[in-house]
Amino acid sequence: MVAAKIAGVLRAQFPGLVLASDIDGLHPSLTLSPENWKEAAAFLRHDPRAGFNFLRCISSLDLYPEPFIELVYDLMALEPAGPGEPWRCAATVAIRLRVPRDGGSVPSVADIWPAAEWHEREAFDLMGVKFEGHPDHRRILCPDDWIGHPLRKDYQYPTEYDGIPAGPAPKTSVPETP
Amino acid sequence: MSTPDSCDRRVFQAEDRATRAVRGFTLLGAIFVLVCAILAFGATRVSGVAGLLAGLLAAGAGGLAGASLLIALAVRFREPLGRLLARVAFPIFMVAVVATVFFAWVPALLYEEVDRLAGSVSTASGEPRQMPLGVAEIRSYLLGSCGVGSAWVATLVASLLWLLQFGLVRDLITVTGIVVFVSLVAMFGIWWERKVAGRIQSRLGPMRVGGWHGWAQSLADGLKLLQKEDIFLSGADRPLFYLAPYVAFVPALSLFSVLPFSAAWVCRDLEIGLIFILALLALGVLGVLLAGWSSNNKWSLLGSMREACQMISYEIPLGFSLLVPVMSVGSLRLTTLGEVQANGFTSWVAFASPFTLAAAVIFFIGTLASCKRAPFDLPEAESELVAGYHTEYSGFRWALFFFAEYAEMFAVGALATILFFGAWYSPLPAAWGAAWERGPIWQRALHGILFSGPLWLIGKSLFFVYLQMWLRWTLPRVRLDQVMFACVQVLLPLALMVLAGNSFWQLWVLPQSGLARLANLVCAVLGALVLVAMLAIIVYARVNRRRLVGSLVVEHLPGA
Amino acid sequence: MQERVYHSYPDLLLDAEGEDLADLRTEEMLINMGPQHPSTHGVLRLVLRTDGELVLEAVPHIGYLHRCAEKIGENLAPYQFIPITDRLDYLAAMNNNYAFSMAVEQLCGIEVPERGRYVRVIMSELNRIASHLVSFGSYALDLGAFTPFLYGFREREYILDLFESACGARLTYSYITIGGPALDLPEGFLENLQQFLDYFEPKIDEYNQLLSYNHIFVRRTAGVGVISPEDAIAWGLTGPCLRGSGVRWDLRKCMPYDIYDRFEFEIPVGVPGGSDGIPRAVVVGDSWCRYFVRIAEMKQSARILRQCLEQIPDGPVRAKVPRVLKLPSKEVYFEAENPRGQLGFLVVGDGSPIPRRVKIRGPSFCNLSIASQICRNVLVADIAAIIGSIDVVMGEVDR
């Protein structure tokens, strides 16, 4: 319900922003277009109707074989209750952005939600999405001279790194739950 | 993964080495026996100094022969010997402790005998002889007046006593004794620290090496460290890197030469003994600085800079607090400072006035910082600097730093005891046992145990060492700026106030007046209460062990 | 909030305009509090730019324990992925298993029977106590108090013995799986748990006497590394770091999952000093508050455990899960309250037994991101105090 309200407010504020909404599933989410993402993010953060002050997670999904990578921003609106009362969660929503796989970039929201700084670095490191305006745009988990972005579906496993030989690529199997 | 082949080869190599060692030592022993026989034969033929020299060399060669043959036997029968030793390790240890105590006493007795000799030996004209006496004179005295039977026993004893007349020989013996004592104290301190740490942390500490509560752990660690590889850093300053452990260790060792263990048991009774000790304690800072700088390691540098800061700053309140007993007693000589406290518990300098009590506490806190013990152990803060200034040292050099630390701990404990807490006197007034001081050996031993003796000094110093260990394992570490704040803004003003207060006390309060006696009584009662409280806590904790720790722990964890 | 000026490591000696300061500031040192260090709680590398003892800037470098668990998750079925979740926050393995199992159960619509739910909560809260004991012990060790570490581990031995009797392992359990716990509780487990709780609860007061109110400890931690509530929320902190800043937010109470709404317990938060026995120097959001929240949480976990002991029913522990569990083409994002914060799993299914994507939101990863902000203009000794109070486990940071 709350996600529908947010969708309505966003549609009113930024026409053409909300491309799709899936608010009845397990993970209510709104798909936005990446062009006005910065303004939309600022709106979501600061506008009293939204008030999403807590960025839980930025996930990146590789939609291979489609030529898109999807970024999922999980947001939560925390607000204090009375003294001695636990804080309340007014709303949760997931914002999805579709970015082209090759050379896709998205404005960074690290100045709006500082938590995004390291999440965006991880998305760049493991998925290869660039974030414009990120204060410290470099790899975070892999070594600085790593080639490729490991979480992509078409990632080539390296045969060696710095002279150290690597093993063969893993295979999957269909297991049984006992 | 070693194949069965290489396993066998290693075992065979070990066996081979053992056999070779046995053969080698047996051969060495045989050679020494031969040399000894030749020299002994020569000694009986030649007389005079050459004969004496030959005799001494023969004795030396005989000793070495015996040692080599013993080593050969030990290696040959190492397995049954190991099993036997494991069983009798603890009795051997106790016998060794008692024997050490007695062997420390023997030289003092011998010196007394030798000093008395001059009075006993008289010339034909009846006048007492001047020292040094000749060997022949002592020999004739022994054969004549002392009733020693055989001639060559008398010769042997006379030679020994003749040697003991010379100050150089006495100094050599004393210095050897000091070095042995400091090593023993350091080894004991390391073992004890680990046991105390274990018991405070609800565990046992070393238990295996040597059998009974791991008493030989320090010995094993020392032997291990001796044979470790001497790692040298490529970027380090070679001369300074090699020098630093010695600059840290030698002052800690040297200050034992001024430390009196009893009224007559002191290597050099300096007029300014206290200043000498302070100076040597300050020299230790240099070793730490050199170590940190020459390691070419930023963490070591940080550690040594912190240490320089801390130790030098705490010297000031330390010095001020030391001036207080000096003012009360009026001398810098350590034996004088000790002898003042001969009249029992209430005559101890710490309980003379509230100012001396405060000075004792300030002194103790200052020594905690000076010895780099927690809560002031920033220089070796394990969790920030790995090991601080001695990170890059390994093997024997690191052992020297460690030895220096424990030697210093004991030395400052001894200093606190001598200055404040009764030196080598027991809480009973020495006047009560004055009659026993000149009696036979067993009376003098009893006097040493009950009234005054080196054992009391060592025991009280060990108590202060234990206090330092107790604090280390209980308190967290103080940050550097807080350390400096505590020194300059808390301890230093306090020390100055105590010094000023004591000055006025000395000026205006007469020693036997009512106020002085009252203050003495109150402070003594306070001190006694603290002691009794500690004992009460120990007894209470022992009796209520199960309830305090929790039944689960006592059932499931050993030694908890 | 302070002005944020970032430098990447090779350019660390540039000022805000990019001017090279290396010629002027010759007394500054670049110290590497390297991956191997006694107080960085794992393989964390902090590059400190210091002026003597004063740290001007601290840049964390992570990734030394990166095993790309998320890529592994795209190649293993959920049941096979449970041991990987063990090794994320290896000190709270039960909680990790719990979070992942609940995410997959939500995705597939699996209902776990009542007894299984209680067993899961018991294991989860016991592991919370064990994890907080490690954090308490190693924090004391960082600050030079050697003894509380041993006391914490002595208590932890009992918890690990309980876990060993239940599933055979002491650190990485893989006990809570899809559909409930793998095995039922052994005989005598609940009695041993009761005995442990009776033994443990007085110990918390002992820890407070030994460490929490110790003057030296308070002076080392009070007022050090203060994080305001707004900063804490903005930087995505969760768990005791968030609660230490005064934000009374705990997923178990505010967005209850599983059966946590049946238990009565409180959420401890950081309170200002001077009231209620709290030392005067304490500021809301400093290291002492974060540390004390953990101590108080241990008490609350013991409370929950006692209620579990009363309420646990008999019956089966596992649900009927098909032999080959096909994940529907949906996605779920589930967060659970771990000892270190909120552990989140985004599981995307595509109709096959193997998920399309498993994204792990590690709480320590988010908590550590604030380190570069608060480790400014403090002494080197404070770095250990701050990092220890954030309580990171690198398995979660790097995954």
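Note that this is a predicted model, so its numbers are computed, not measured.

Novice: What's the story with the overall build of chain B in this structure? I'm lost.
Specialist: Helix and strand counts for chain B stand at 20 helices and zero strands. Expressed as a percentage of its 560 residues, the buried residues of chain B come to 34%. Intrachain contacts of chain B at a sequence separation of at least 6 include 73% that bridge at least 24 residues.

Novice: Would you mind showing me how to read the sheet that holds strand 3 (residues 54-62) of chain A here?
Specialist: Strand pairing in a sheet relies on backbone hydrogen bonds. The paired strands run either parallel or antiparallel. Residue and element names in this part refer to chain A. Read from one edge of the open sheet, five strands run 1-2-5-4-3, paired in mixed fashion. The open sheet has two free edges, formed respectively by strand 1 (18-22) and strand 3, since each of these has just one partner strand. In this sheet, neighbouring strand axes are inclined to one another by 20° on average, regardless of whether the strands run parallel or antiparallel. Bridge analysis of strand 3 against strand 4 (residues 68-79) gives eight bridges, and the strand direction is antiparallel. Paired with Leu55 across the strands is Leu75, a residue of strand 4.

Novice: Help me understand the interface of chain B and chain C, please; the structure alone is not making it clear to me.
Specialist: By a widely used convention, the size of an interface equals the accessible area lost when the partners come together. At the interface, 28 residues of chain B touch 28 residues of chain C. Secondary-structure elements contributing two or more residues to the side of chain B that touches chain C are helix 10 (298-329), helix 13 (382-385), helix 17 (480-508) and helix 20 (551-556) of chain B. Partitioned by chemical class, the residues of the side of chain B that touches chain C number 14 nonpolar, six polar and eight charged.

Novice: Honestly, the pairing of strand 6 (residues 331-338) of chain C in this entry has me stumped. Any pointers?
Specialist: Within a regular strand, side chains alternate between the sheet's two faces. Residues and elements named next belong to chain C. Buried residues dominate strand 6, accounting for eight of its eight residues. Residues of strand 6 alternate between two faces, with Glu331, Tyr333, Glu335 and Glu337 on one and Val332, Phe334, Ala336 and Asn338 on the opposite face, all of them buried. Sheet analysis places strand 6 next to strand 7 (residues 341-348), joined by eight bridges and oriented antiparallel. Bridge pairing links Glu335 to Gly344 in strand 7. Once strand 6 ends, the chain turns through two residues before running back antiparallel as strand 7.

Novice: Honestly, the interface of chain A and chain C in this entry has me stumped. Any pointers?
Specialist: Every contact between the two is made by 37 residues of chain A and, on the other side, 49 residues of chain C. Mapped by element, the contributors of at least two residues to the side of chain A that touches chain C are strand 3, strand 4, strand 5 (88-100) and helix 3 (116-127) of chain A. With six residues, strand 3 of chain A is the single largest residue contributor to the side of chain A that touches chain C. Per-class residue counts for the side of chain A that touches chain C are 24 nonpolar, six polar and seven charged.

Novice: Would you mind going over the pairing of strand 2 (residues 29-32) of chain A with me for this structure?
Specialist: Residue and element names in this part refer to chain A. In this sheet, strand 2 lies alongside strand 1 in antiparallel orientation, the contact comprising four bridges. Residue pairing for strand 2: Asp22 is matched across the bridge by Ser29. By the bridge criterion, four bridges tie strand 2 to strand 5 in an arrangement that is parallel. Bridging from a neighbouring strand, Leu32 pairs with Leu97 of strand 5.

Novice: Sorry, what's going on with the packing of helix 6 (residues 189-212) of chain C against helix 11 (residues 287-311) of chain C here?
Specialist: When two helices pack together, their arrangement is captured by the angle between the axes and the distance separating the axes. Residues and elements named next belong to chain C. One way to put it is that helix 6 packs onto helix 11 with a least axis distance of 10 Å and a crossing angle of 160°. The orientation of helix 6 with respect to helix 11, classified from their angle, is roughly antiparallel. Our pair here, helix 6 against helix 11, has a crossing hand that is left-handed. Packed against helix 6, whose contacting residues are Leu190, Leu193, Gln194, Leu197, Phe200, Glu201, Ile204, Tyr207, Asn208 and Ser212, the element helix 11 presents Phe292, Ile295, Met298, Lys299, Ala302, Leu305, Arg306 and Leu309 at the interface. Grouping the amino acids of the contact of helix 6 with helix 11 by side-chain chemistry returns twelve nonpolar, three polar and three charged.

Novice: How should I be thinking about the sheet that holds strand 7 of chain C in this particular structure?
Specialist: Residue and element names in this part refer to chain C. The three strands lie next to each other as 6-7-8, forming an open sheet whose pairing is antiparallel. On the outer flanks of this sheet lie strand 6 and strand 8 (357-361), each paired with one strand and no other. Strand-to-strand twist of the sheet, defined as the mean angle between neighbouring strand axes without regard to direction, takes the value 15°.

Novice: Could you clarify how one ought to interpret the packing of helix 11 of chain C against helix 14 (residues 380-390) of chain C in this entry?
Specialist: Residues and elements named next belong to chain C. The contact between helix 11 and helix 14 brings their axes to 9 Å, and the two run at 35°. Of the two possible hands of crossing, helix 11 and helix 14 adopt the one that is left-handed. Between helix 11, through Ser287, Arg290 and Tyr291, and helix 14, the contact on the second element is made entirely by Ala385, Ile386 and Ser389. Class assignment of the residues belonging to the contact of helix 11 with helix 14 gives a composition of three nonpolar, two polar and one charged.

Novice: Help me out: how do you make sense of the confidence of the model for chain B in this one?
Specialist: Detailed conclusions should not be drawn from predicted coordinates in areas where pLDDT is low. Residues of chain B with pLDDT of at least 70 account for 90%, and the chain-wide mean is 83. Across the interfaces of the predicted complex, the ipTM metric reaches 0.89, alongside a pTM of 0.85.

Novice: Explanation requested: unusual backbone geometry in the structure shown.
Specialist: If a residue is not glycine, its phi is most likely negative; likewise, a peptide bond is most likely trans. Following Tyr64 of chain A, the chain continues into Pro65 of chain A via a peptide bond in cis, with omega recorded as 5°. When you line up the elements, Pro65 of chain A lands in the loop between strand 3 and strand 4.

Novice: How should the domain arrangement of chain B be read in this particular structure?
Specialist: Residue and element names in this part refer to chain B. Segmenting chain B into domains produces domain 1 (1-76), domain 2 (231-508) and domain 3 (518-560). For domain 2 and domain 3, the distance between their C-alpha centroids amounts to 26 Å. Counting from both sides, the interface comprises eight residues of domain 2 and, opposite them, five residues of domain 3. Taken together, the residues that form the side of domain 2 that touches domain 3 break down as six nonpolar, two polar and no charged.

Novice: Explain the environment of Thr50 of chain C to me, please; I cannot follow it from the model alone.
Specialist: Residues and elements named next belong to chain C. Following the sequence through the fold, Thr50 ends up in strand 2 (residues 45-51). When the C-alpha atoms of Thr50 and Ile374 are compared, they prove to be 15 Å apart, with 324 residues separating the residues in sequence. Once residues within four sequence positions are removed from consideration, Thr50 is found in contact with Glu28, Met29, Ile31, Val55, Leu56 and Val380.

Novice: I tried to follow the environment of Ala519 of chain B on my own but got confused; where do I start?
Specialist: Residue and element names in this part refer to chain B. Structurally, the position occupied by Ala519 is in helix 18 (residues 514-543). Accessibility expressed as a C-beta count within 10 Å gives 20 for Ala519, which makes it buried. Residues Ala519 and Glu79 lie 440 residues apart in sequence; the distance between their C-alpha atoms is 64 Å. Excluding anything up to four places from it in sequence, Ala519 contacts Ser353 and Pro354.

Novice: For this particular structure, what's the right way to read the nonpolar core?
Specialist: Membership of the largest hydrophobic core comes to 270 residues, with the highest contact counts inside it found for Leu71 of chain A, Ala407 and Ala411 of chain B together with Ala103 and Ile383 of chain C. The leading source of residues in this core is helix 14 (residues 396-419) of chain B, at 17 residues. Per-domain counts for this core show at least three residues from each of domain 2 (231-508) and domain 3 (518-560) of chain B. Residues Val114, Leu117, Tyr141 and Ala158 of chain B belong to the second largest nonpolar core, which totals seven residues.

Cut-off values and rules
- Residues numbered from 1 in each chain as written.
- Chains lettered and ligands numbered in written order.
- Predicted model: local features only at pLDDT ≥ 70, side-chain atom pairs only at ≥ 80, totals over all residues.
- Helix = DSSP H or I, 4+ residues; strand = E, 2+ residues; numbered from the N terminus.
- Buried ≥ 20, exposed ≤ 12 C-beta atoms within 10 Å, placed from the backbone.
- Contact = placed C-beta atoms within 7 Å.
- Pairing = 2+ DSSP bridges.
- Axes fitted to C-alpha atoms, helices over the stretch in contact; angles between N-to-C directions.
- Nonpolar A, V, L, I, M, F, W, Y, C, P; charged D, E, K, R; others polar.
- Parallel < 35°, antiparallel > 145°, perpendicular 65-115°, else oblique.
- Left-handed = near helix turned anticlockwise from the far one by under 90°.
- pLDDT = per-residue confidence, 0-100.
- Domains from an automatic or database assignment.
- Core = buried A, V, L, I, M, F, W, Y, C linked by C-beta atoms within 7 Å.

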